[in-house]
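Below are the chains, spelled out letter by letter.
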Amino acid sequence: MAETALALPGRTTRRVRIVTSATIVIAVALAVLVVPPLVQLDQQAVDLANKLDPPSWAHPFGTDDVGRDLLLRCVYGLRVSLLVGLVAALTATVIGTAIGALAGAFGGWTDRVVMRVVDALSSVPHLLLGIFIVAMFRPGVWPVIISVALTHWLSTARIVRSEVLSLRSRPFIDAAVSGGASRTRVILRHLLPGVLPQAGLAAVLMVPHAMWHESALSFLGLGLPAHQASLGNLVQSARGSLLAGDWWPTLFPGLFLIIPTLALAGLAGAWRDRINPRRKSELML
């Protein structure tokens, strides 16, 4: 009885956290999909007469240093950051799943070579390697996506390899091999379906990480072009305003980055606990 009473507050808190995270994610999705087509305003429109206006009814988030509406800029910036995060996370998951499945399924020298490459790349900080990759291209969305994807597949490869090694010891794999199934068939029909839930969870966890990575590159001036709205660019362009005492050009883009990423991480954490409650920390990226 006492244990049940103690468990109820924890379950209630968990349920509230999940509902709150889901509500934020749905609101963000509606904002980035619905607001730009419905609001027939140019987010690049300059109004020097109203530059750095504080939040008001006309401009709920205020205006930036050239008079552009900050709310509209934040929505467009979140749209770009989400696009980068989703595409980069999906690409990195596909790469990591393929390489991890290859290493785990073949084993032997293939596994040793692949994992030594993964260890070598993991020793280099993601941001430093991402800067090196982005510097080879002109500023734009796709160089950032390529940079994030090529630096974030390593954790997924480790997770998938571990799952494949675990599945290889199961009786149904031995039965399939004894029945004459080829290695390719075993991988495609038995191993890959078994690792898809973990790979999908890794992809969801990677989206907020990729958004922060894109924002860091843009803040350093190596991501998207300065005129294109992204959350990193908005924070970077607001540095001078913050030093002058104008807080809103920095606060609202920062909140648009922090709140959605925390909501996505909260939903991913609930999914992680549901599919494998005993390994709550292994999939943290």
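In what follows, the accompanying structure is described. (Residues numbered from 1 in each chain as written. Predicted model: local features only at pLDDT ≥ 70, side-chain atom pairs only at ≥ 80, totals over all residues. Heavy atoms only, no water.)

**Side note on the overall build of the protein**
When helices and strands are tallied, the protein shows 11 helices and 0 strands. For the protein, the N- to C-terminal ordering of α and β elements is α-α-α-α-α-α-α-α-α-α-α. Across the 285 residues in the protein, those meeting the buried criterion constitute 41%. Nonlocal contacts in the protein, meaning residues at least 24 apart in sequence, comprise 72% of its contacts between residues at least 6 apart. Accessible surface computed for the protein: about 15200 Å², of which carbon and sulfur atoms make up 68%. (Helix = DSSP H or I, 4+ residues; strand = E, 2+ residues; numbered from the N terminus. Buried < 20%, exposed > 50% of the residue type's maximum accessible area, 1.4 Å probe, protein only. Contact = heavy atoms within 4.5 Å. Areas by Shrake-Rupley, 256 points an atom, 1.4 Å probe, with all protein chains shown as cover.)

**A closer look at the nonpolar core**
Counting residues in each nonpolar core, the largest one holds 28 residues, and the members touching the most others are Cys-74, Leu-78, Met-211 and Phe-256. Among the secondary structure elements, those contributing two or more residues to this core are helix H1 (2–38), helix H2 (70–106), helix H3 (108–122), helix H6 (154–168), helix H8 (183–219), helix H9 (231–237) and helix H11 (248–275). Ranked by the residues each element gives to this core, the list is headed by H2, at 8 residues. The contacts of Cys-74, once residues within four sequence positions are left out, are Phe-61, Leu-231, Leu-234, Phe-252, Pro-253 and Phe-256. (Core = buried A, V, L, I, M, F, W, Y, C linked by side-chain atoms within 4.5 Å.)

**What about the packing of H2 against helix H5 (residues 141–151)?**
The contact between H2 and H5 brings their axes to 8 Å, and the two run at 40°. With respect to their mutual orientation, H2 and H5 come out oblique. The chirality of how H2 crosses H5 is right-handed. Side by side, H2 and H5 meet where Leu-83, Val-84, Val-87, Ala-88, Thr-91, Ala-92 and Ile-95 of the first sit next to Val-141, Trp-142, Val-144, Ile-145, Val-148, Ala-149 and Leu-150 of the second. (Axes fitted to C-alpha atoms, helices over the stretch in contact; angles between N-to-C directions. Parallel < 35°, antiparallel > 145°, perpendicular 65-115°, else oblique. Left-handed = near helix turned anticlockwise from the far one by under 90°.)

**Some remarks on H2**
Its 37 residues place the ends of H2 53 Å apart at the C-alpha level, agreeing with the 54 Å of an ideal helix rising 1.5 Å per residue. Measuring from the backbone nitrogen of Leu-71 back to the side-chain oxygen at the start of H2 gives 3.4 Å, which picks out Asp-69 as the cap. Gly-107 sits one or two residues past H2 and shows a positive phi near 65°. (Expected span 1.5 Å × (residues − 1). Polar contact = N/O pair within 3.5 Å; in protein donor to acceptor, adjacent residues only side chain to side chain.)

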